[in-house]
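# Summary of structural features
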Amino acid sequence: MICVRSNPSPAPQEDAWVTSYQRQVPHWHSVSLSHQHSTIPISISRVNQFDAARLDIELSAMLKEQLVKVFSLMKPGMLFQYEPELDAFLEFLIWRFSIWVDKPTPGIALMNLRYRDERTVALRGKGKKVWTSLSSLPTSLVCLTPYLSAVRTGLEGPGLTFAQKMWYCVAAVAGQYIWARLQSFSAFRRWGDSEQRPLARRAWGLMQRIEGLYKAASFGNLLIFLYTGRYRNLIERSLQARLVYESPNVNQAVSFEYMNRQLVWNEFSEMLLLLLPLLNSSTVKSFLHPFSKDKSSSSKEDDSICPICRASPTLVYLALPCQHRYCYYCLRTRCSAVPSFQCSRCSEPVVAMQRHGSVVEHKTQSQ
C-alpha cells in the first residue's frame, strides 16, 4: 500500500492574534454598548416589599416607645400634644441616615432591597438588541456569550438623585406632618359643624374630598402593584423610585419562624376571647362535678361555708328552693348581676332568697 502524505498547513505568523483581535474589537464595542443600554425583565417579590414597609413601621414604633420613656417622668399628657412632631422627627431621622446617604432603610435592608432610579433604566424593548448583536458575533467570540449574559442581572442601576431624595422627604415626612396637624386643628375647631362659617365648612369639605381621592388613588396603586410588582405607594410611583434586590444571591436576613409562632398564638388567643364569654361558669362546674373525688366529705364541709367567698357567713341567707347557705352580700350581688343565677353547689336556678329562720325574700327585691 502506498501512503501519500499531504503537505502540512503553514504555521501562522507570530502576530496573527493581534490582527484577529483588532478585527474583532468593533464587534465587541457594539455588543458592550447595546448591552449597557438594555434591561432584562426582573421580578421582585411583592411580599418582600410589603414586609420591608412593615419592618420600617415597627422600627419607628420601637424608637417612639423608647423616646416616650425618656419623658415618662415629665408632666402627663405633655408629649401627647406634640405627637405629630415626634412622628415627623423620627421619620426624618430614618430618612436622613438611610435614603439621604444612598442607603436603604432598615426594613428595606433586611429584605435585601434598595431604591433604584427607574427613569435612567432604558425600556425593556431595547434588550432585544443584545441578542441581535450576539447573533452577529463571529465564531471566535461565541464562547464569550455566557460571560456577556452574566454581566447584567437586571438589578443594576443608579440610586436616587438629589431631587428624588428631597421630594421623598417632602412627601413622606413634611407632607404627612402637615396633613396630621391640619386634621387635628380642623377637628379641634369643628370645621365640619353646620354652625361654623361657610369658609370653614368649605375647607372641611375640600379636605374630605382630597382624602377620598387619595384613598382611591392608593387603592388603585395597590391593584397595579399587585399586578406588576412595582411601586408600593404613590410616592414611589410619582418619583419613579423602584425597589430592586441589592444582591441577587443573598438570602433575606429575617427569619419568619418567630412571626409564625406569634400568628398562631394571636389566632388562638382571639378564639379564646370569642369562646370564653359564651361559657357559663356554673355550667362548667356542674359538668365537672360528677368527676370530682370524695363528694360526700366535700359536701359536708361546704354546708358550713359560703360557696362564693369560701368563708363562714356572718349573715346567713338561704337560696330557694335548694336552701343552700350563702352570705347575704354574696347572694344578693350575684342575683342582682345575673337574673338567671344558679346555685353554685347544685346548679339549680335561684328564684328567691330567705334569711335563716325568717320569711322568704324574692331575689329581685331591693336592699
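In the annotation of an unreviewed UniProt entry, the chain is listed under the name RING-type E3 ubiquitin transferase (cysteine targeting) and assigned to Gossypium lobatum. If you open the UniProt record of the chain and go to Sequence similarities (unreviewed entry), you find "Belongs to the pex2/pex10/pex12 family."

To continue, consider the overall build of the chain. Along the chain, the regular secondary structure elements total 14 helices and 6 strands. Counting the 367 residues in the chain, one finds 27% classified as buried. Considering only intrachain contacts with a sequence separation of at least 6, the fraction spanning at least 24 residues in the chain is 65%. Here the chain has roughly 25900 Å² of accessible surface; of this, 62% comes from carbon and sulfur atoms.

The omega torsion of the bond from Leu320 to Pro321 falls at 10°, within 30 degrees of zero and hence cis. Structurally, Pro321 is set in the loop between strand 3 (316–320) and strand 4 (324–327). If you check the backbone angles, Asn112 has positive phi at about 60° while not being a glycine. Residue placement: Asn112 occurs in the loop between helix 5 (106–110) and strand 1 (113–117). Its identity as a non-glycine residue notwithstanding, Tyr231 has a phi of 65°, on the positive side. Examined against the element boundaries, Tyr231 turns out to sit in the loop between helix 9 (198–228) and helix 10 (234–239). Accessibility expressed as a relative area gives 5% for Tyr231, which makes it buried.

Axis separation between helix 2 (residues 46–70) and helix 9 bottoms out at 9 Å; the angle between their running directions is 135°. Compared by their axis directions, helix 2 and helix 9 come out oblique. Contact residues: helix 2 offers Arg46, Gln49 and Phe50, while helix 9 offers Leu222, Phe225, Leu226, Tyr227 and Thr228. Of the residues contributing to the contact of helix 2 with helix 9, the split by class is 5 nonpolar, 2 polar and 1 charged.

As a further point, take the pattern of salt bridges. Evaluation of the coordinates by the stated rule reveals 12 salt bridges. Note that Glu83 is salt-bridged to Lys64, the shortest N-O span being 2.7 Å. With a gap of 19 residues between them, Glu83 in helix 4 (residues 83–96) and Lys64 in helix 2 connect regions that are remote in the sequence. Taking the relative accessible area as the measure of exposure, Glu83 reaches 28% and is therefore partly exposed. Between Asp102 and Lys165 there is a salt bridge, and its shortest N-O distance comes to 2.4 Å.

A word on the environment of Ile224. On the secondary structure map, Ile224 appears in helix 9. The partly exposed category is assigned to Ile224, whose relative accessible area is 42%. When near neighbours in sequence (up to four residues on either side) are disregarded, Ile224 contacts Gly229 and Arg237.

As a further point, take the nonpolar core. Note that soluble globular proteins tend to have their nonpolar side chains buried in a common cluster. Within the largest apolar cluster, 21 residues are counted, with the highest numbers of intra-cluster contacts made by Ile44, Ile99, Ile108, Leu113, Tyr115 and Tyr168. Elements represented by at least two residues in this core include exactly helix 4, strand 1, helix 8 (162–189), helix 10 and strand 2 (241–245). In this structure, Ile99 is in contact with Ile94, Thr105, Tyr115, Leu160, Lys165 and Tyr168, ignoring residues within four places of it in sequence. The next biggest cluster of nonpolar side chains, apart from the first, holds 14 residues, and it includes Cys306, Tyr317, Tyr328 and Cys343.

Let us now look at the environment of Val121. Structurally, Val121 can be placed in the loop between strand 1 and helix 6 (128–135). A relative accessible area of 16% places Val121 in the buried class. Note: C-alpha distance between Val121 and Pro158 (37 residues apart in sequence) is 8.7 Å.

Procedures and definitions
- Along each chain, residue indices are assigned from 1 in the same order as the chain's sequence is written.
- Two thresholds apply to this predicted model, a pLDDT of at least 70 for residue-level local features and 80 or more for giving and counting side-chain atom pairs, whereas whole-chain, interface and lining totals are computed over all residues.
- Think of the side-chain values as coming from all heavy atoms in the structure, minus any hydrogens and water.
- UniProt positions are given in the numbering used here, feature names are shortened, and annotations may be inferred rather than shown by experiment.
- Where helices and strands are cited, they refer to DSSP runs of H or I of at least four residues and of E of at least two residues respectively, numbered from the N terminus.
- Buried residues are those whose accessible area, probed at 1.4 Å on protein chains only, stays under 20% of the maximum for their type, while exposed residues exceed 50% and partly exposed ones sit between those limits.
- When checking whether two residues touch, look at their non-hydrogen atoms; a contact exists if any pair is within 4.5 Å.
- Using a 1.4 Å probe, accessible areas were evaluated by the Shrake-Rupley method; residue-level cover was limited to the displayed protein chains.
- The angle between two axes is taken between their N-to-C directions and runs from 0 to 180 degrees, where each axis is a line fitted to C-alpha atoms and a helix contributes only its stretch in contact.
- Each angle gets one of four labels, with under 35 degrees taken as roughly parallel, over 145 as roughly antiparallel, 65 to 115 as roughly perpendicular, and the rest as oblique.
- Three residue categories are used. Nonpolar comprises Ala, Val, Leu, Ile, Met, Phe, Trp, Tyr, Cys and Pro, charged comprises Asp, Glu, Lys and Arg, and polar comprises the others, including Gly.
- Throughout this description, the term salt bridge denotes a Lys or Arg side-chain nitrogen within 4 Å of a carboxyl oxygen of Asp or Glu.
- Nonpolar core, defined: a set of buried Ala, Val, Leu, Ile, Met, Phe, Trp, Tyr and Cys residues in which side-chain atoms within 4.5 Å join the residues together.

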